[in-house]
Amino acid sequence: YPQVFTAGRRMPEFEKSAESDRLRALGAECFSTERGGLLTWHGPGQLTIYPITHIGMAVKEYVEFLESIIVKVGVHFGVPCRPMEQVGVCTTFGNKKFGFVGIARRDTVAYHGVSINVCNELKWFREIVPCGMPDLQVTSLSQESGRTIALDDVKSVVVKLFKETPFIKNSS
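Residues numbered from 1 in each chain as written. Predicted model: local features only at pLDDT ≥ 70, side-chain atom pairs only at ≥ 80, totals over all residues. Heavy atoms only, no water.

1. Quick notes on the overall build of the chain
Applied cut-off: Comment: elements are numbered from the N terminus, with helices defined as DSSP H or I runs of at least four residues and strands as E runs of at least two. Computation of the radius of gyration draws on C-alpha atoms alone. For the globule rule, the value is 2.2 Å times the number of residues to the power 0.38.
The helix and strand inventory of the chain stands at 4 helices and 10 strands. For the chain, the N- to C-terminal ordering of α and β elements is β-α-β-β-β-β-α-β-β-β-β-β-α-α. In terms of overall dimensions, the chain is globule-like: its C-alpha atoms have a radius of gyration of 16 Å, near the 16 Å expected for 172 residues. Each of the three principal axes of the chain carries a C-alpha extent, and together these read 45 × 40 × 30 Å.

2. Some remarks on the sheet that holds strand 2 (residues 29–32)
The test is simple: At least two bridges found by DSSP between two strands is the condition for calling them paired. Interaxial angle, 0 to 180 degrees, is taken between N-to-C directions of lines fitted to C-alpha atoms, where a helix line uses only the stretch in contact.
Here we have 3 strands laid out as an open sheet, ordered 2-1-3, and mixed in their pairing. Here the strands that pair on one side only, and so sit at the sheet edges, are strand 2 and strand 3 (39–42). Adjacent strand axes in the sheet meet at a mean angle of 25°, parallel and antiparallel pairs treated alike. In this structure, strand 1 (residues 4–7) lies alongside strand 3, joined through 4 bridges in antiparallel fashion. In the strand pairing of strand 3, Ala7 is matched with Leu39.

3. Let's talk about the confidence of the model for the chain
Low-pLDDT stretches of the model should not have their predicted coordinates read in fine detail. So the rule is basically this: The predictor reports its confidence for every residue as pLDDT, a score running from 0 up to 100.
Overall, the predicted model of the chain reaches an average pLDDT of 90, with 95% of residues at or above 70. Of all helices and strands in the chain, the one with the weakest mean pLDDT is strand 5 (residues 53–54) (86), whereas helix 3 (residues 141–145) scores best (97).

4. A word on the pairing of strand 1
The line we're drawing: Three exposure classes are used, based on accessible area relative to the maximum for each residue type with a 1.4 Å probe and protein chains only: buried under 20%, partly exposed in between, and exposed over 50%. Consider the strands pointing away from the viewer: the crossover is right-handed when the path from the first strand over the helix to the second runs clockwise.
Side-chain alternation along strand 1 places Val4 and Thr6 on one buried face and Phe5 and Ala7 on a second face that is also buried. Here strand 1 runs beside strand 2; their pairing, made up of 4 bridges, is parallel. Note that in strand 2 the partner of Phe5 across the bridge is Cys30. For the crossover from strand 1 across helix 1 (residues 18–25) to strand 2, the handedness is right-handed.

5. Concerning unusual backbone geometry
Within the chain, Asp107 stands out as a residue other than glycine whose phi angle is a positive 55°. When you line up the elements, Asp107 lands in the loop between strand 8 (96–106) and strand 9 (109–117). One non-glycine residue, Cys131, lies in the positive phi region at around 60°. Along the chain, Cys131 falls in the loop between strand 9 and strand 10 (137–138). Taking the relative accessible area as the measure of exposure, Cys131 reaches 23% and is therefore partly exposed.

6. Thoughts on the pattern of salt bridges
Pairs can form between side chains of opposite charge once their charged atoms are near each other. Inclusion rule: Each reported salt bridge corresponds to a side-chain nitrogen of Lys or Arg within 4 Å of a carboxyl oxygen of Asp or Glu.
All told, the structure shown has 10 salt bridges when counted by the stated rule. The salt bridge partner of Lys155 is Asp152, with a shortest N-O separation of 3.5 Å. Of the two residues, Lys155 and Asp152 are both situated in helix 4 (residues 151–163); the distance of 3 residues between them amounts to about one turn of the helix. Residue Asp152 is classed as exposed on the basis of its relative accessible area of 52%.

7. Notes on helix 2 (residues 59–76)
Here is the rule: To estimate how far a helix should extend, the number of its residues minus one is multiplied by 1.5 Å.
Here helix 2 spans 26 Å end to end across 18 residues, near enough to the 26 Å set by a 1.5 Å rise per residue. Buried residues of helix 2: Tyr62, Val63, Phe65, Leu66, Glu67, Ile69, Ile70, Val71, Val73 and Gly74, and no others. Looking one or two residues past helix 2, Gly78 carries a phi angle of roughly 80°, positive in sign.

Shown next as structure tokens:
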């Protein structure tokens, strides 16, 4: 899919802004979304996971669950990591973010979800203030592990982790 910048509810006029015009001029698409958070990038080499599920817990607990999935993925691929004080997952050493969480909730149904930088170009993040954090460094699993990690390998791990989750109903 193409380079896409998405803005959360806290940036409601993003699609009409001079910032989105600048990003479109670089060849990206720009969209406002219903998810939480500010501005982020999505594109090739990044795994985006949008579970649409009934959640029987507080939003904070659901976000922590999604972060735990990202942490398990990082550890599986040899990248020591932890949840950030703000939402998302970063490396244990260097505090570089590679896991992003932005959800929306309508009644008891959560949608939107997470993205994990796997083997993507990081230059697109330098075009914005990711997540509204000016000093945020962004990385990928491949960069941190020192080897190219295939998107399909990460997908397999994520599917396995979600299937092991008791509150996600497995339809397969």
